[in-house]
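Structural overview
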Amino acid sequence: MIPTQIVVGAAIVRGGSVLAAQRASPAHLRGRWELPGGKVDPGETDEAALVRECHEELGVRIRPIERVGPDVLLPVRPNAPRALLRVWTAELTTGEPEALEHLELRWLTADTLSTVDWLPADLPFLDHIRSRLSGG
Ligand code: CDP
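Given the structure is predicted, the values throughout are model-derived calculations rather than measurements. (Residues numbered from 1 in each chain as written. Predicted model: local features only at pLDDT ≥ 70, side-chain atom pairs only at ≥ 80, totals over all residues. Heavy atoms only, no water.)

So, the nonpolar core
Nonpolar side chains tend to gather and get buried jointly when the protein is soluble and globular. Under the convention used in this document: For our purposes a nonpolar core is just a set of buried Ala, Val, Leu, Ile, Met, Phe, Trp, Tyr and Cys residues, chained together by side-chain atoms within 4.5 Å. Categorising residues by exposure relies on relative accessible area from a 1.4 Å probe, with only protein chains included: less than 20% of the type maximum marks a residue as buried, more than 50% marks it as exposed, and the intermediate range marks it as partly exposed. For the purposes of this entry, the term helix denotes a DSSP run of H or I that reaches at least four residues, the term strand denotes a run of E that reaches at least two, and both are numbered from the N terminus. In what follows, residue pairs with any heavy atoms lying within 4.5 Å of each other are defined as contacts.
By size, the foremost hydrophobic cluster in this structure holds 22 residues, and its most contacted members are Val18, Leu85, Trp118 and Ile129. Mapped onto this core, the elements with two or more residues apiece are strand S1 (4-14), strand S2 (17-22), strand S5 (61-73), strand S6 (82-94) and helix H2 (126-133). The residues touching Ile129, leaving out its near neighbours within four places in the chain, are Ala11, Val18, Leu35 and Leu113. Of all hydrophobic cores here, the second largest spans 16 residues; its members include Ile12, Ala49, Leu84 and Leu92.

Written out as structure tokens, the structure is:
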């Protein structure tokens, strides 16, 4: 059986805004924006990976709230397993996010959510996030 790599992303919401992060690497993704997150390790739950990745990338503790949107197929990379992106809304529990691995962080509102150049796999989640930011 060909394994599927799960990648998790956090829509960290605070006071009507969501945190977007600008990738520094790899070169072909540099400058594009994403929901912070990354690959789930073998034996790790999705939620644990989300908490771990946000701590590594942003220096904060988060609490996942709920899954939003579908499993989204990530662009196929040569010699890489099939990968799916899953997204949770989340809240900050400890700390203020810092761009430890990203170029820049930005808090976006429902109105400014589409003003950054999102990675394609993150686009299907934006309507779900926008409706939550608008109180929906
Ligand atoms: O940090 P780690 O190496 O575990 O994973 P990553 O490099 O952050 O993410 C793995 C893959 O998922 C990359 O190809 C990212 O472009 C993609 N990804 C994405 O499309 N959207 C996200 N919100 C997070 C990751």
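What about the environment of Leu108?
Here Leu108 lies in strand S7 (residues 104-109). Given the relative accessible area of 2%, Leu108 is considered buried. For the pair Leu108 and Leu58, spaced 50 residues apart in sequence, the C-alpha separation works out to 16 Å. Contact partners of Leu108, with chain neighbours within four places excluded, come to Gly16, Ser17, Val18, Ala20, Leu113, Thr115, Val116, Trp118 and Leu133.

Notes on H2
Stated precisely, the cut-off is as follows: By definition, the arc is the one covered by directions from the helix axis to the C-beta atoms.
Restricting attention to buried positions, one finds in H2 the residues Leu126, Ile129 and Leu133. Looking straight down H2, one finds that the buried residues subtend no more than 65° of arc, so they occupy a single side. Along its buried surface, H2 packs onto S1, S2 and S7. Looking one or two residues beyond H2, the residue adopting positive phi is Gly135, at roughly 85°.

Description of the site of the ligand
Our working definition: Whether a residue is near a molecule or strand depends on its heavy atoms: it is near if one of them lies within 4 Å of it. For the purposes of these results, a polar contact is taken to be a pair of N or O atoms within 3.5 Å, where, inside protein, one atom must be able to donate a hydrogen and its partner to accept one; residues adjacent in sequence count only when each atom of the pair is a side-chain atom. A 1.4 Å probe and the Shrake-Rupley method give the accessible areas. Residues count as covered only by the protein chains that appear here. Any residue that is not Ala, Val, Leu, Ile, Met, Phe, Trp, Tyr, Cys, Pro, Asp, Glu, Lys or Arg is counted as polar, Gly included; the first ten are nonpolar and the last four charged.
Close contacts around the ligand come from 14 residues, with Arg23, Leu29, Leu35, Lys39 and Asp122 the closest. The contact in question runs from an oxygen atom of the ligand to an N or O atom on the side chain of Arg23, over 3.1 Å. Here a nitrogen atom of the ligand sits 2.6 Å away from a polar atom, N or O, in the side chain of Asp122. Contact with the protein chains covers 81% of the free accessible surface of the ligand, which is 520 Å². No other element matches strand S4 (residues 37-39), which puts three residues into the shell around the ligand. Class assignment of the residues belonging to the shell around the ligand gives a composition of seven nonpolar, two polar and five charged.

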